[in-house]
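# Overview (structure and organization)
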Amino acid sequence: MVSHREKEKAQMREGARQANESAHRSAMKGRLDTIIDSIQNKPKEVMNLSEAAEFMGVHENTLRKYAQNGTLPCRKLGTRWLFSKRSLIEWIEEKESEK
């Protein structure tokens, strides 16, 4: 038979275990929230046509024309045009220095 004192000790251990689990879950949630925030707030290095057009401040059709005739640095993956943000910035700076 379990004494009253042993029951109290078991309840205390269970309470400590639950508190530890709760603290662990809270810490994990905090780390997960930090990771999610960093992913969501990280600037994109590679953009699709519409994102690049918005970044450049031109219409998608204009950007598509530049991509098709090789004026802009970009790659085509299947039917999608992909633009490196860094390459576009360098291209803009190069064009500015030519003036």
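Before reading on, note that the structure itself is shown above.
Since we're looking at a predicted model, the values are computed, not measured.

Looking only at helices and strands, one finds 4 helices and 3 strands in the protein. Traced from its N-terminal end to its C-terminal end, the protein shows the element sequence α-β-α-α-β-β-α. The proportion of buried residues among the 99 residues of the protein is 12%. Long-range contacts, defined here as pairs at least 24 residues apart, represent 44% of the contacts in the protein between residues at least 6 apart. For the protein, the exposed surface amounts to about 8,200 Å²; the carbon and sulfur share of it is 53%.

Looking now at the sheet that holds strand E3 (residues 80-84). The strands making up a sheet are joined through hydrogen bonds of the backbone, oriented either antiparallel or parallel. Here 3 strands make up an open sheet; going across it, the order is E1-E3-E2 and the pairing antiparallel. At either end of the open sheet lies a strand with only one pairing partner, and these are strand E1 (46-48) and strand E2 (75-77). Adjacent strand axes in the sheet meet at a mean angle of 35°, parallel and antiparallel pairs treated alike. Here 3 bridges tie E1 to E3, and the two strands are oriented antiparallel to one another. The partner of Val46 across the bridge, within E3, is Ser84.

Turning to the environment of Asn61, a few remarks are in order. Along the chain, the position of Asn61 falls in helix H3 (residues 60-68). A polar contact is formed between the side chain of Asn61 and the side chain of Arg64, at a distance of 2.9 Å.

With burial as the criterion, only one face of E3 is covered, namely that bearing Trp81 and Phe83; the residues Arg80, Leu82 and Ser84 on the opposite face remain uncovered. Bridge count for E2 against E3 is 3 bridges, and the pairing is antiparallel. Counterpart to Leu77 in the pairing with E3 is Arg80. Linking E2 to E3, which pair antiparallel, is a turn of 2 residues; within it Gly78 sits at a positive phi near 65°.

Below, the discussion takes up the pattern of salt bridges. Per the counting criterion, the structure on display carries 1 salt bridge. Lys95 is paired through a salt bridge with Glu98; the nearest N and O atoms lie 3.8 Å apart. Remark: Glu98 and Lys95 occur in helix H4 (residues 85-98); sequence separation between them is 3 residues, near one turn of the helix. Under the relative-accessibility criterion, Lys95 is labelled partly exposed at 33%. For Glu98, a relative accessible area of 53% puts it in the exposed group.

What counts and how
Note that residues are indexed from 1 along each chain, following the sequence as it is written. Under the rules for a predicted model, residues below a pLDDT of 70 receive no local features and side-chain atom pairs below 80 are neither given nor counted, while totals for whole chains, interfaces and linings still include all residues. Remark: hydrogens and water are excluded; side-chain values derive from all non-hydrogen atoms of the structure. Put simply, DSSP marks the helices as runs of H or I at least four residues long and the strands as runs of E at least two long, and each gets a number from the N terminus on. Relative accessibility decides the category of a residue: with a 1.4 Å probe and only protein chains considered, values under 20% of the type maximum give buried, values over 50% give exposed, and everything between is partly exposed. Any pair of residues with heavy atoms lying within 4.5 Å of one another is described as a contacting pair. Exposure was quantified through the Shrake-Rupley algorithm and a 1.4 Å probe, taking into account, for residues, occlusion by the shown protein chains and nothing else. A strand pair is defined by DSSP finding two or more bridges across the two strands. For every element, the axis is a line fit to its C-alpha atoms; helices are fit only across the contacting stretch, and the angle between N-to-C directions ranges from 0 to 180 degrees. Each polar contact in these results corresponds to two N or O atoms within 3.5 Å; when the atoms are within protein, one needs to be able to donate a hydrogen and the other to accept it, and residues that are neighboring in sequence are counted only if both atoms are side-chain atoms. Just to be clear on terms, a salt bridge is a Lys or Arg side-chain nitrogen sitting within 4 Å of an Asp or Glu carboxyl oxygen.

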